[in-house]
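# An overview of the molecular structure
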Amino acid sequence: MNQVQLAIILIIVGAIIIIIGNHIYQEHKFKKSIDLGFNNSNNDTIENNSMIFENKEPIQVNNVRDIEDKDMFDIDLNLNEDDSKVENEHVQKAFAHYDSVQFQFDSKINKICQHIIDITFSNTAKIKMFPELSQFTGKAIQYFILEKGNWHTYDRSKKHNADGVKIVLDLVDSEGVIYPLQLSNIYNELAKFADYHKGFIREEDSAQKITYIQEQIKHISSAQLELELFMVNKVDIPFRVLSAYLINKGFIENNYSFQYIIDGKVAFYLLDENGSQFNPSSEYRLFSINSKLHHTKTPKVVIDKIFDFAEDYMQNFEARLLTNNKIVMSDKDYNMLERQIKNYMATCERLKIDLASDIIMKLYP
């Protein structure tokens with residue numbers, strides 16, 4: 001090793017010693033300052049504690065701050081409530097004219113199974129299309145237009161000068177009940193539509209409706225009961241002869257089927273052997289008698305009417321009544337059917353199922 005290399009090594013070692021020494025000195029100095037700070041702090045704390053235990057001012061100050069914070073929170077709540085009240089009054093005022101116009105389509109609205117959203121416009125709005133709401137639900141939707149002081153059904157083929165619109169949405173159908181999230185999405189979409197046309201929007205609270213429908217659906221599947229019997233003639237009967245007899249007995253012809261109405265609802269109906277409409281140019285040896293017993297509040301009354309009709313028919317034509325598997329109906333079959341109907345009605349009553357209700361009609365049309 002030459003002298004130059006040795007000198008370099010000594011310089012490096014010296015630098016390291018200086019750095020380490022300086023680090024030790026700074027650490028010692030820092031610890032000393034911390035010790036002095038703690039000693040002074042302890043003395044201050046003892047003096048302050050004697051004052052705290054005497055008058056507890058710091059606690060009182062903290063409580064005052066808590067009270068102030070609470071008061072400020074209450075003031076904010078009151079302000080929010082006031083803002084909400086003012087907003088509601090503003091909306092009510094905006095709907096004053098809208099609500100004054102009689103809505104003549106009330107018969108088309110089901111108060112239990114449908115949800116209503118109203119929109120009124122500050123100025124007449126030109127409406128050609130509504131937002132595409134089918135992206136949120138497959139339930140049926142009806143649109144009504146308030147135009148020139150009268151309500152009209154929405155016509156997609158024309159442009160409406162609307163002062164307001166009413167959207168009526170089914171809450172339940174054969175697929176089940178709508179979800180609250182779907183209603184929320186629909187409302188938000190229509191709110192954008194209303195805002196675009198400088199309008200105001202409101203909706204009814206359907207939470208109780210949905211809860212009621214959900215409670216009914218829990219047991220309603222057991223309420224579906226359909227009856228199918230057959231009438232067989234000894235000889236073929238021309239449609240015109242059959243039709244004349246049925247209309248004379250109070251049946252209503254509807255698209256080549258025959259319906260018997262009780263209390264405004266179809267109690268039972270007649271179709272051909274295959275459950276299709278009659279062909280006016282055909283003759284019939286066999287036809288079916290059908291009833292959706294869940295569509296009536298009094299299934300026993302419907303059964304009695306069916307057998308009254310069958311008895312009268314067999315007195316006018318040489319015919320026999322058959323069961324659903326096309327066997328001649330006996331007294332034993334009739335008694336069994338009566339017991340089944342009795343048990344059916346008792347079960348519906350026990351489960352608090354409202355037969356012929358709007359919900360049943362929607363679920364099992």
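Figured I'd write up the structure that's included with this text. Each chain has its residues counted from 1, running along the sequence as written. A pLDDT threshold of at least 70 governs which residues receive local features in this predicted model, and a stricter bar of 80 or more applies before side-chain atom pairs are shown or counted, although totals over entire chains, interfaces and linings include all residues. Water and hydrogen atoms play no part in the side-chain values, which are based on all heavy atoms of the structure.

Now for the nonpolar core. We define a nonpolar core as any set of buried Ala, Val, Leu, Ile, Met, Phe, Trp, Tyr and Cys residues linked to one another through side-chain atoms lying within 4.5 Å. Each residue is assigned to one of three classes by its accessible area relative to the maximum for its type, calculated with a 1.4 Å probe on protein chains only: buried under 20%, partly exposed between the two thresholds, exposed over 50%. Core analysis: the biggest nonpolar cluster contains 71 residues, and I119, F268, L270, I289, F309 and Y313 have the highest contact counts within it. Among the elements that take part in this core, helix 7 (residues 299-316) stands out by supplying 7 residues, more than any other. In this view, L270 contacts L246, F251, S257, F258, F278, F287, S288, I289 and F309; residues no more than four positions away in its chain are not counted. Listed in part, the 11 residues of the second largest apolar core include V101, F103, I109 and I116. Helix and strand definitions follow DSSP, with helices as H or I runs of at least four residues and strands as E runs of at least two, each counted in order from the N terminus. Contacts were defined at the residue level, with two residues in contact if any of their heavy atoms lie within 4.5 Å.

Another aspect to go through is the sheet that holds strand 12 (residues 283-292). Two strands pair under a simple rule: DSSP has to find at least two bridges between them. Taking strand neighbours across the sheet as the criterion, the 6 strands line up as 9-10-11-12-8-13 in an open arrangement whose pairing is antiparallel. The open sheet is flanked by strand 9 (252-254) and strand 13 (319-322), the only strands paired with a single partner. Within this sheet the neighbouring strands show an average axis-to-axis angle of 25 degrees, counted without direction. In this structure, strand 8 (residues 226-238) lies alongside strand 13, joined through 4 bridges in antiparallel fashion. Along strand 13, the bridge assignment pairs F230 with L322. A fitted line through C-alpha atoms serves as each axis, taken over the contacting stretch for helices, and the angle formed by two N-to-C directions is quoted from 0 to 180°. Contacts from helix 6 (residues 239-248) reach strand 8, strand 9, strand 10 (257-262), strand 11 (265-272) and strand 12 within the one sheet, and its direction differs from that of strand 8 by about 125 degrees.

A separate point is unusual backbone geometry. Located in the positive-phi region is K198, a residue other than glycine, with phi close to 55 degrees. As for its position among the elements, K198 is in the loop between helix 4 (180-196) and strand 7 (199-203). Taking the relative accessible area as the measure of exposure, K198 reaches 61% and is therefore exposed. Not every positive phi belongs to a glycine, and A356 is a case in point at roughly 65 degrees. Along the polypeptide, A356 turns up in the loop between helix 8 (331-350) and helix 9 (358-363).

Pairing in this open sheet of 5 strands is antiparallel, and the strands run 3-2-4-1-7 from one edge to the other. Unpaired on one side and paired on the other, strand 3 (150-153) and strand 7 mark the two borders of the sheet. Strand-to-strand twist of the sheet, defined as the mean angle between neighbouring strand axes without regard to direction, takes the value 20 degrees. Where strand 2 (residues 141-147) meets strand 4 (residues 160-170), 6 bridges bridge the pair, whose relative direction is antiparallel. Following the sheet pairing, Y143 is matched in strand 4 by I167.

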